[in-house]
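Architecture and fold: a report
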Amino acid sequence: MTSSKSVRSWNETMSARERVRAVADTLRQPRSTNWISEQADAAWSTTADELQSMVEHGTLRRFDTGDATHYQPDYTAALFDEIRTLIDENSREELRDELAAIASEIEQWRATYDVETWEELEGTLADGDLSSSEISDRRDVISLWRENEADRRLIKHALELYSDVETARERMATAADRARS
């Protein structure tokens, strides 16, 4: 349960619509308007309006389940948004450098722990001779390793689409120039 002080802070720093978006963006499973409204500490009507807006903008998916409507993030849209952000904010060389840094870090973990995958490293957590500190360190590495693998997949997709996005942008700029002339 949240304290009244943290609820006040939440209410003072974000509008009801912002709170609804924050809750909806972090959903891990489909949830009802009522559930989202409670979590966001927002009126049901405000929650319903904001959720519908998010559906219309393609950031949220809506599921009718008979007696209730449930919502969850559109994970496909989120994936493409992440890839687009990588392309928008990084040069090809920066993306390649990040891939090299990820590969280097994973190689270090493989050598340090004498494993090939994070799953193998996870399997060593039950070794009876590890201290709590060593277990904690390995858990941290497992988390970072998994994040690196996810980042590597995203960067790979961004590099694969980089030329296509550049071409599309050039076409848009050319069309805009023609429209101005």
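The model shown is predicted, which means the values in this text are computed figures rather than measured ones. (Residues numbered from 1 in each chain as written. Predicted model: local features only at pLDDT ≥ 70, side-chain atom pairs only at ≥ 80, totals over all residues. Heavy atoms only, no water.)

By the secondary structure assignment, Thr124 is in the loop between helix H7 (118-123) and helix H8 (132-180). On the basis of relative accessible area, Thr124 is assigned to the buried category, the value being 14%. Within the structure, the side chain of Thr124 is placed 2.7 Å from the side chain of Arg138, a separation counted as a polar contact. Ignoring any residue separated from it by four or fewer positions in sequence, one finds Thr124 in contact with Val115, Leu130 and Arg138. (Helix = DSSP H or I, 4+ residues; strand = E, 2+ residues; numbered from the N terminus. Buried < 20%, exposed > 50% of the residue type's maximum accessible area, 1.4 Å probe, protein only. Polar contact = N/O pair within 3.5 Å; in protein donor to acceptor, adjacent residues only side chain to side chain. Contact = heavy atoms within 4.5 Å.)

The next point concerns the sheet that holds strand S3 (residues 69-73). Ordered by their spatial adjacency, three strands build an open sheet running S1-S3-S2, and the pairing between neighbours is antiparallel. Two strands lie at the open edges of the sheet, namely strand S1 (31-32) and strand S2 (60-64), each paired on one side alone. Here two bridges tie S1 to S3, and the two strands are oriented antiparallel to one another. Bridge pairing links Ser32 to His70 in S3. (Pairing = 2+ DSSP bridges.)

Here we come to the environment of His70. Inspection of the secondary structure puts His70 in strand S3. Considering only alpha carbons, one finds His70 and Glu170, 100 residues apart in sequence, at a separation of 40 Å. A distance of 3.1 Å separates a polar atom in the side chain of His70 from a polar atom in the side chain of Thr65.

Looking now at the pairing of S2. In this structure, S2 lies alongside S3, joined through five bridges in antiparallel fashion. Each residue of the ladder has a partner; that of Arg62, found in S3, is Tyr71. The antiparallel hairpin formed by S2 and S3 contains four residues in its connecting segment, where Gly66 sits at a positive phi of about 85°.

What follows deals with helix H5 (residues 75-89). Taking 1.5 Å as the rise per residue, H5 with 15 residues should run 21 Å; its terminal C-alpha atoms sit 21 Å apart, in good agreement. The distance from a side-chain oxygen at the start of H5 to the backbone nitrogen of Thr76 is 3.1 Å, and the residue carrying that oxygen is Asp74. (Expected span 1.5 Å × (residues − 1).)

Okay, the side chain of Ser32 next. Considering the arrangement of structural elements, one finds Ser32 in strand S1. The buried category is assigned to Ser32, whose relative accessible area is 18%. A polar atom in the side chain of Ser32 sits 3.1 Å from the backbone nitrogen of Trp35. Residues in contact with Ser32, not counting those within four places in the same chain, are Thr69 and His70.

In this section: the packing of aromatic side chains. In this description, an aromatic ring pair is defined by two values, namely the gap between the centres and the angle between the planes. Under the criterion given, the structure shown has one aromatic pair. The ring of Trp35 has Arg31 sitting right over it, with the charged end atom 4.1 Å from the ring centre. Note that Arg146 overlies the ring of Trp118, its terminal NZ or CZ placed 4.5 Å from the centroid. (Phe/Tyr/Trp six-rings, centres within 6.5 Å; stacked < 30°, edge-to-face > 60°. Lys NZ or Arg CZ within 6 Å of the ring centre and 35° of its normal.)

With that settled, consider the nonpolar core. One recurring pattern in soluble globular proteins: nonpolar side chains tend to sit buried together. Judged by nonpolar contacts, the single largest core of 17 residues is most densely connected at Trp109, Tyr113, Leu121, Val141 and Trp145. Secondary-structure elements contributing two or more residues to this core are H5, helix H6 (92-113), H7 and H8. Looking at this core, the element that brings in the most residues is H8, giving seven residues. Within the second largest apolar cluster, 11 residues are counted, among which are Leu27, Ala42, Met54 and Leu60. (Core = buried A, V, L, I, M, F, W, Y, C linked by side-chain atoms within 4.5 Å.)

Before going further, it helps to examine unusual backbone geometry. Glycine aside, a negative phi is what most residues show, and trans is what most peptide bonds show. One non-glycine residue, Asp41, adopts positive backbone phi at about 50°. Position of Asp41 relative to the elements: it lies in the loop between helix H3 (33-40) and helix H4 (44-56). Asp41 sits in the partly exposed class, given a relative accessible area of 38%. The residue Asp114 is not glycine, and still its phi comes out positive at about 55°. Secondary-structure assignment places Asp114 in the loop between H6 and H7. Judged by its relative accessible area of 69%, Asp114 is exposed.

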